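So the chains spell out like this:
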Amino acid sequence: MSEGIETRLVYGFLDAGKTSYIRDCIQNDYSYKYGTTLILCFEQGEEEYDEETLTARRTSVAYYEGNEDVSTFCRRCIETVQPDRIYVEMNAMMPDQRELFPNSMKVASAVTLIDWKTLPLYFRNFKQMIQQMVAASQQITFRDCPSKELLEPYAQPFRLMNQTASYLRQDPMGYHERAFDLFLPYSLETNEITITEGNYLLFWLDAFDHPEHYEGKTLHFSDPLELRRSCATDPWFAGRVVMVCCMADLQFMAFALEDNGRIPHEGWVVFDAVALIGIDEYGQKRLTLRSIDSHYVHAPDRLVLDAARSEDHKESD
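Let me sum up the structure you'll find in this document. (Residues numbered from 1 in each chain as written. Predicted model: local features only at pLDDT ≥ 70, side-chain atom pairs only at ≥ 80, totals over all residues. Heavy atoms only, no water.)

**Focus on the overall build of the protein**
For step 1, the next point in the chain: When you go through the protein residue by residue, the secondary structure sums to eight helices and 15 strands.
For step 2, the next point in the chain: Structurally, the protein occupies a C-alpha span of about 70 × 45 × 35 Å along its principal axes.
For step 3, the next point in the chain: Considering the protein as a whole, with its 317 residues, one finds that 49% of them fall into the buried category.
For step 4, the next point in the chain: Within the protein, contacts between residues at least 6 apart in sequence are counted, and of these 71% link residues at least 24 apart.
For step 5, the next point in the chain: If you sum the accessible surface of the protein, you get close to 16,200 Å²; carbon and sulfur atoms cover 48% of it. (Helix = DSSP H or I, 4+ residues; strand = E, 2+ residues; numbered from the N terminus. Buried < 20%, exposed > 50% of the residue type's maximum accessible area, 1.4 Å probe, protein only. Contact = heavy atoms within 4.5 Å. Areas by Shrake-Rupley, 256 points an atom, 1.4 Å probe, with all protein chains shown as cover.)

**Section: helix α5 (residues 127-135)**
For step 1, the next point in the chain: The set of residues buried in α5 consists of Lys127, Ile130, Gln131, Met133 and Val134. One side of α5 carries all its buried residues, which in axial view fall inside an arc of 165°. (Arc of directions from axis to C-beta.)

**A word on the pairing of strand β1 (residues 5-11)**
For step 1, the next point in the chain: Extensive coverage of β1 is indicated by the burial of five of its seven residues.
For step 2, the next point in the chain: Of the pairings in the sheet, the one linking β1 to strand β5 (residues 105-115) comprises seven bridges and is parallel in character. From the neighbouring strand, Thr7 faces β5, where its bridge partner is Val107. (Pairing = 2+ DSSP bridges.)

**Points about the pattern of salt bridges**
For step 1, the next point in the chain: On inspection of all chains with the given rule, the structure shows 13 salt bridges.
For step 2, the next point in the chain: Among the ionic pairs, Glu6 bridges to Arg8, the shortest N-O distance being 3.0 Å.
For step 3, the next point in the chain: Owing to a relative accessible area of 34%, Glu6 belongs among the partly exposed residues under this scheme.
For step 4, the next point in the chain: Overall, the relative accessible area of 28% leaves Arg8 in the partly exposed class.
For step 5, the next point in the chain: Here the salt bridges share partners, and the residues they tie into one network are Asp115, Lys117 and Asp144. (Salt bridge = Lys/Arg side-chain N within 4 Å of Asp/Glu carboxyl O.)

**A closer look at the packing of aromatic side chains**
For step 1, the next point in the chain: With the rule as written, the count across this model stands at 22 aromatic pairs.
For step 2, the next point in the chain: Taken together, the ring pairs in this structure connect Trp116, Phe123, Phe142, Tyr154, Phe158, Tyr167 and Phe180 into an aromatic cluster.
For step 3, the next point in the chain: Against the face of Phe252 rests Arg228, its NZ or CZ located 4.3 Å from the ring centre.
For step 4, the next point in the chain: For the cation-ring pair, Arg286 lies above Phe208, with the distance from its terminal atom to the ring centre recorded as 4.2 Å. (Phe/Tyr/Trp six-rings, centres within 6.5 Å; stacked < 30°, edge-to-face > 60°. Lys NZ or Arg CZ within 6 Å of the ring centre and 35° of its normal.)

**Points about the side chain of Arg159**
For step 1, the next point in the chain: Mapping Arg159 onto the fold places it in helix α6 (residues 155-161).
For step 2, the next point in the chain: Using a relative accessible area of 10% as the deciding quantity, one classes Arg159 as buried.
For step 3, the next point in the chain: Those residues within four positions of Arg159 in sequence are excluded, and the remaining contacts are Tyr167, Phe180, Leu182, Leu205 and Asp209.

**Examining empty space enclosed by the protein**
For step 1, the next point in the chain: This structure, assessed with the given rule, holds three cavities of 30 Å³ or more.
For step 2, the next point in the chain: Looking at the largest cavity, its volume works out to about 60 Å³.
For step 3, the next point in the chain: Along the lines of polarity and charge, the residues of the lining of the largest cavity split into three nonpolar, three polar and four charged.
For step 4, the next point in the chain: A volume near 50 Å³ is recorded for the second largest cavity.
For step 5, the next point in the chain: What lines the second largest cavity is Ile195, Thr196, Glu197, Tyr200, Phe221, Asp223, Pro224, Leu225, Arg240 and Leu305. (1 Å grid on protein atoms, 1.4 Å probe; cavity = no way out; pocket = protein on both sides within 12 Å on 5 of 7 lines; lining within 4 Å. Points joined across faces, edges and corners; volume = space filled by probe spheres on them. Nonpolar A, V, L, I, M, F, W, Y, C, P; charged D, E, K, R; others polar.)

**Remarks on the nonpolar core**
For step 1, the next point in the chain: One finds Leu40, Phe142, Phe158, Tyr200, Phe203 and Tyr214 to be the most contacted residues of the largest nonpolar core, which totals 76 residues.
For step 2, the next point in the chain: Tallying contributions element by element places helix α7 (residues 200-209) first for this core, with eight residues.
For step 3, the next point in the chain: Apart from the residues lying within four places of it in its own chain, the contact partners of Tyr200 are Ile195, Phe221, Leu225, Ala238, Gly239, Arg240, Met253, Ala254, Phe255 and Leu305. (Core = buried A, V, L, I, M, F, W, Y, C linked by side-chain atoms within 4.5 Å.)

These figures come from the coordinates and say nothing about function on their own.
Below is the structure:
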């Protein structure tokens, strides 16, 4: 049996376009001349694979019927086809099959497809399922979306689900472009910027992608941030706990503080800081803060920021 077979995952709800996406990938991939392809299909929608076309591309498809465990199904299909590459059409309503794949399947990439027409409904009712798919993907495509402006209410919650993924909009004619342009409610042209509770998440997202926007600037944190560190030898971090999709998915969105010996204990603070650029443990540039004035305050009324609160309101308008 082949070892380390390149495997590509395609996530999405029913009729999100997974079959069409895989079919297009195979039709435009000339590597079929140098090996065979296996499609493992865990969900069947309205679109079907053309067996004749697949055969011409040295491709086989196997449908999971649910009468055996996922690992056994995958191994049996691999042993039968001996593929050089695998596409997996995932089922959003099943637990993530990825953990059940045999070791011979090496996941190289994952994409999530979201149909614009069903996005509002699924976002309201299946937000945690969306989060699980998006968090596992390197690329998320919103299909058949007429304009980028329609996606603006979703920019913040989706980018918090996965800060490193690429987000694309595909219009009804098939044109692709970047899905989100982050709107900042303050000017980057000034040397001093006030960060409030209301704009903290937008600031965090922009600083994550573009720390150079803030290098050398003075930041005024007018609403409380929480100070934390794991142990006495670890650096301090200042930030807020954010609920991305549900209470089971809380994240501490924070910035490292330069150790100047002026942080006596954990708690809530308002402070002014100079923004610097440091290097994290993965070698990536990250914004760090040097406090120039701070004082402890009471905890805010909302201990957890809800990333989707404003978006839910916009959807109902």
